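# Structural features, examined
One-letter residues, chain by chain:
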Amino acid sequence: MQTIRQQLGKAYWPLINGEWIATAATFASVNPANPEEIVGQVGSISIEEAEQAIAAAKAAFPRWQRTPAQQRSKLLCRAADLMAQRRAELAAWMVFEVGKTLQEADGEVSEAIDFCRYYAGEMERLDQGYDRNLPGETNRYHYQPRGIAVVISPWNFPLAIPTGMTVAALVSGNCTLLKPAEPSSVIAAKLAEILVEAGIPPGVFQYVPGRGSVVGPYLVKHPDVHMIAFTGSQEVGCRIYAEAAVLQPGQKHLKQVIAEMGGKNAIVIDQSADLDQAVAGVVQSAFSYSGQKCSACSRVIVLNAIYDRFVARLVEATRSLNIGPTVDPATQVGPVINAQARDRIQEYIAKGKAEADVALEMPTPEPGYFIGPVVFSEVPPDAVIAQEEIFGPVLSVLRVQTFDEAINLANGTHYALTGGLYSRTPSHIEQAKAQFEVGNLYINRGITGAIVDRQPFGGFKLSGVGSKAGGRDYLLQFLEPRVVTENIQRQGFAPIEGVDE
Ligand code: NAD
């Protein structure tokens, strides 16, 4: 961390057609625990520069498409090795730029490495295609890339998520533009450096930081773009989905959109739960990274028989958390990402005070964008704080009389991302497996920290469209399947080979 502190404040430029381009406009990325500390100055691309990047991607595509899948996979493995070598440095950048604890940042480097190695292997598997040949006829099923992919990533997993989406697009043979979230543009620049060092050809990968609301829609609507891989809020995701559906003048294809969006994730606790386990799991799921994970627990639904006991223990366990800057290794809860997020979360807390009881409100350190964890109890199921994604350290506890009611409430939002159950009753565990409507269900453990391949990640309903990241179907979204059927019942070939008439 001392090494990285000495590197703070440098300039990071977009990578267009293999060159780092000094742009006219820049913005500062700051340390959310100490906003006066500038982590980096980032070049912000203009519409003209976005157009240049698309033109470079278009020019690079025919060659990248023809590059053997094995070679593309090797490049991902080299990137993974470089990340492993730079593990400590990458984790420290996350501590400074987005306020992650070192432990969680380290886990995120592992996830980024896993994405590279997993998608490299997956592409080699898919590249085999398959044959269904008959006497006199061959049938070959294989995949080709779509073309130009635009990746739009969020700030909350500043390395793993942009890495996953970008390398999936690249290994499938697509030329890829990465538009990172503004508050995490320096870490995304580190990913760009790594891909360049791993040997990515000019134009195949381009790093295009800029204002999401300006350059984002331009890239999404561009007629030469074939697909958009987005992770972020429901509001922006739905907008991209709609914009990408409109056929633009000159566009000769329909766009594919992957949109991974938010959640309002619940953990159900029944009367047979081991409360030692349940309290620790809820605290970790709700407050690690200040609740700023799409998978974070923001509702706990507790059976009446143990409600009061659970809330009392939850409050004491939460009170024990250390809040502060994440450069301090003792910190368990760091800042939220920026002033806008802090103000929005505070508005939700004010609404919550009108809707429910405050079981705990922890003090908020100064300066920096901090919010002390808040626990609301006796929260009505239709309260705003029980329905909307808050994306901060705010937890709602709801009381129910029966297990059926608990499952109904858990399913009673527009989202279906993660969910959890603490129970030692086999029939409840079976019922949750069948009826709990979430993409990732966790039983008797915390609900965050999915691991590539072991727990492919992603939701449905308004939590997103597309197959799970880090899962077997993910790369298929970046590819077009083709079948070639050939009649080989011929009496030899006509002798015109090599004859140019
Ligand atoms: P966001 O939607 O504000 O921004 C995401 C990205 O979209 C950024 O790069 C931003 O610059 C860009 N953008 C903004 N406006 C745009 C527009 N009009 N057109 C195109 N791009 C635009 O989200 P965020 O605050 O960065 O991330 C937090 C959200 O992400 C939460 O809702 C969280 O649940 C969600 N998330 C979901 C997953 C998942 O896997 N389902 C994972 C992480 C985060």
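Before reading further, recall that the structure is shown in the block above.
Below: a short report on this structure. (Residues numbered from 1 in each chain as written. Predicted model: local features only at pLDDT ≥ 70, side-chain atom pairs only at ≥ 80, totals over all residues. Heavy atoms only, no water.)

### Points about the sheet that holds strand β23 (residues 479-487)
- The three strands lie next to each other as β6-β7-β23, forming an open sheet whose pairing is antiparallel. The open sheet has two free edges, formed respectively by β6 (130-131) and β23, since each of these has just one partner strand. (Pairing = 2+ DSSP bridges. Helix = DSSP H or I, 4+ residues; strand = E, 2+ residues; numbered from the N terminus.)

### Things to note about the side chain of serine 272
- Secondary-structure assignment places serine 272 in the loop between β13 (265-269) and α10 (275-287).
- A polar atom in the side chain of serine 272 sits 3.4 Å from the side chain of serine 423.
- A polar contact is formed between the side chain of serine 272 and the side chain of threonine 425, at a distance of 2.8 Å.
- Apart from residues no more than four positions distant in its own chain, serine 272 is found in contact with Ser423, Arg424 and Thr425. (Polar contact = N/O pair within 3.5 Å; in protein donor to acceptor, adjacent residues only side chain to side chain. Contact = heavy atoms within 4.5 Å.)

### Topic: a nonpolar patch on the surface
- A contiguous nonpolar patch, built from Met1, Leu102 and Val327 and spanning about 200 Å² of accessible area, is present on the exposed surface.
- By secondary structure assignment, the location of methionine 1 is in the segment before α1 (2-6). (Patch = residues over 30% accessible without salt bridge, like charges linked within 9 Å, V, L, I, M, F, W, Y side chains within 5 Å. Areas by Shrake-Rupley, 256 points an atom, 1.4 Å probe, with all protein chains shown as cover. Salt bridge = Lys/Arg side-chain N within 4 Å of Asp/Glu carboxyl O.)

### Some points on the pattern of salt bridges
- Counted according to the given criterion, the structure contains 23 salt bridges.
- For arginine 5, the salt bridge identified is with glutamate 37, shortest N-O distance 2.8 Å. Separated by 32 residues along the polypeptide, arginine 5 in helix α1 and glutamate 37 in strand β5 (residues 34-44) bring together distant segments of the chain.
- Taking the relative accessible area as the measure of exposure, arginine 5 reaches 42% and is therefore partly exposed.
- Among the ionic pairs, lysine 58 bridges to aspartate 224, the shortest N-O distance being 3.3 Å. Of this pair, lysine 58 sits in helix α2 (residues 47-66) while aspartate 224 sits in the loop between α8 (212-221) and β11 (227-231); the two residues are 166 residues apart in sequence, bridging distant segments of the chain.
- On the basis of relative accessible area, lysine 58 is assigned to the partly exposed category, the value being 47%.
- For aspartate 224, a relative accessible area of 23% gives the class partly exposed.
- Within this structure, Arg86, Glu89, Lys190, Glu193 and Glu197 form a network of salt bridges that share partners. (Buried < 20%, exposed > 50% of the residue type's maximum accessible area, 1.4 Å probe, protein only.)

### Side note on the environment of alanine 53
- With respect to the helices, strands and loops of the structure, alanine 53 is situated in helix α2.
- Alanine 53 gets classed as buried once you look at its relative accessible area, which sits at 0%.
- C-alpha of alanine 53 to C-alpha of isoleucine 16: the two residues are 37 residues apart in sequence and 5.5 Å apart in space.
- Excluding residues within four positions of it along the chain, alanine 53 makes contact with Ile16, Leu177, Gln206 and Val208.

### Re the sheet that holds strand β4 (residues 25-31)
- Taken in spatial order, the three strands of this open sheet run β1-β5-β4, and their pairing is mixed. The open sheet has two edge strands, β1 (10-12) and β4, and neither has a second partner. Averaged over all pairs of adjacent strands, the angle between strand axes in this sheet comes to 35 degrees, irrespective of strand direction.
- Where β1 lies against β5, three bridges are found, and the strand directions are parallel. By the bridge assignment for β5, tyrosine 12 is matched with valine 42. (Axes fitted to C-alpha atoms, helices over the stretch in contact; angles between N-to-C directions.)

These figures capture arrangement, not role.
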